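Understanding the architecture of this molecule
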Amino acid sequence: MHSNYIIRPMKREEVNIAIDWAAKEGWNPGLHDADCYYHTDPNGFFIGLLDGKPISTLSVVKYSASFGFLGFYIVHPDYRRQGYGLKIWKSGIQYLYGSNIGLDGVVEQQENYKKFGFKLAYRNIRFEYAGGDDVFANADVIDLSTLPFNTVELYTCPFFPEKRAAFLKSWINQPDCHALGIIQNDRLAGYGVIRKAQNGYKIGPLYADSPELANAIFASLIQAVDFLQPVYLDIPEVNHEALKLAERYRMEKVFETARMYTGESPSLPLDRIYGVTSFEVG
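The structure reproduced in this document is the subject of the present report. Given the structure is predicted, the values throughout are model-derived calculations rather than measurements. (Residues numbered from 1 in each chain as written. Predicted model: local features only at pLDDT ≥ 70, side-chain atom pairs only at ≥ 80, totals over all residues. Heavy atoms only, no water.)

A word on the overall build of the protein
Of regular secondary structure, the protein possesses 8 helices and 13 strands. The C-alpha radius of gyration of the protein comes to 19 Å, within 12% of the 19 Å expected for a compact globule of 282 residues. Based on the C-alpha atoms only, the size of the protein along its principal axes is roughly 60 × 40 × 30 Å. Expressed as a percentage of its 282 residues, the buried residues of the protein come to 53%. Accessible area of the protein: about 12,800 Å², with a carbon and sulfur share of 50%. The protein carries 28 positive and 33 negative side-chain charges, and their two centres are separated by 7 Å. (Helix = DSSP H or I, 4+ residues; strand = E, 2+ residues; numbered from the N terminus. Rg over C-alpha atoms; globule rule 2.2 N^0.38 Å. Buried < 20%, exposed > 50% of the residue type's maximum accessible area, 1.4 Å probe, protein only. Areas by Shrake-Rupley, 256 points an atom, 1.4 Å probe, with all protein chains shown as cover. Lys, Arg positive; Asp, Glu negative; His and termini not counted. Charge placed at Lys NZ, Arg CZ, Asp CG, Glu CD.)

Some words on unusual backbone geometry
G204 connects to P205 through a cis peptide bond whose omega is 0°. The residue P205 is located in strand β10 (residues 201-208) in this model. Notably, F72 is not glycine yet its phi reads approximately 50°, a positive angle. When you line up the elements, F72 lands in strand β4 (residues 67-75). One non-glycine residue, D186, lies in the positive phi region at around 65°. Positionally, D186 belongs in the loop between β8 (177-184) and β9 (187-196).

Observations regarding helix α7 (residues 211-223)
When the terminal C-alpha atoms of α7 are compared, their 18 Å separation across 13 residues agrees well with the 18 Å that a helix rising 1.5 Å per residue should span. Across the 13 residues that make up α7, a large majority, 10, are buried. Listed in full, the buried residues belonging to α7 are L213, A214, N215, A216, I217, F218, A219, S220, L221 and I222. (Expected span 1.5 Å × (residues − 1).)

Describing empty space enclosed by the protein
To find the voids left in a structure, one rolls a probe of water-molecule size over its atoms. Tallying each qualifying case throughout the model produces 4 cavities of 30 Å³ or more. Lining the largest cavity we find 17 residues, and of these F159, R259, I273, V276 and G282 sit closest to its centre. Elements represented by at least two residues in the lining of the largest cavity include exactly β4, β12 (252-261) and β13 (273-275). Of the voids in this model, the second largest cavity is the one considered here, and its volume is about 70 Å³. Lining the second largest cavity, in full, are T156, F160, R164, F167, L168, W171, Y191, P205, Y207 and T277. Contributing elements (two or more residues each) for the lining of the second largest cavity: α6 (165-172) and β10. Broken down by element, the residue count for the lining of the second largest cavity peaks at 3 residues, all from α6. Residue composition of the lining of the second largest cavity, by class: 7 nonpolar, 2 polar and 1 charged. (1 Å grid on protein atoms, 1.4 Å probe; cavity = no way out; pocket = protein on both sides within 12 Å on 5 of 7 lines; lining within 4 Å. Points joined across faces, edges and corners; volume = space filled by probe spheres on them. Nonpolar A, V, L, I, M, F, W, Y, C, P; charged D, E, K, R; others polar.)

See below:
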């Protein structure tokens, strides 16, 4: 490994490098993910430079002293298997020292993550929806912006190990997205966000209190965008009703990750998570 290899925190514009590399890996990031991610923890993004040239990236978003999430672990193809990835990895792990760390690991890296103490919680499966269905808006589905932010935040809290109000506010208000909720018995009973991605659209999250509500939100989300473009949904494999939703719409499996943690798996209502927010920040 070259001695002129340095690792430092990213500047905001350098997050675009990680986004670009993620796109080349086939991960299909959203068009505005960089802003939403970076401002969640500006200190949690690292870049590796060899003679001033970017060759590696890593994000390690610290939500609290006890929980963080790792993503964007990428080494430029020309510099792989030379130790550069391991060095930036160790820098990121040190930043989250003492925390339970989560990640969504691609298949080819899962055994390596196990060597560093990560344990499998469940698989996430990415499905592609290619259209062709007659879908109809549900009268109970509303624009999330019509609700007080506190209502949305309160509903969201059980679905993530830590509060992340700043991220949530940015996420549901980002450009090129639709954030829709559903009301049942005069209360919020689910919501979803669909955003423009490098290829087509991505839904995430999709939370709902029942399969019927999840279907209503999903149908309204796909109706809100260009039906000629593909839509992607990342489903926790342990949610069997979510898999039935994918089957109902004849969605094709295109990708998978392993949700892994260094500590105990957080107690989350996985039966109500029909779509993961993000593979990069949880």
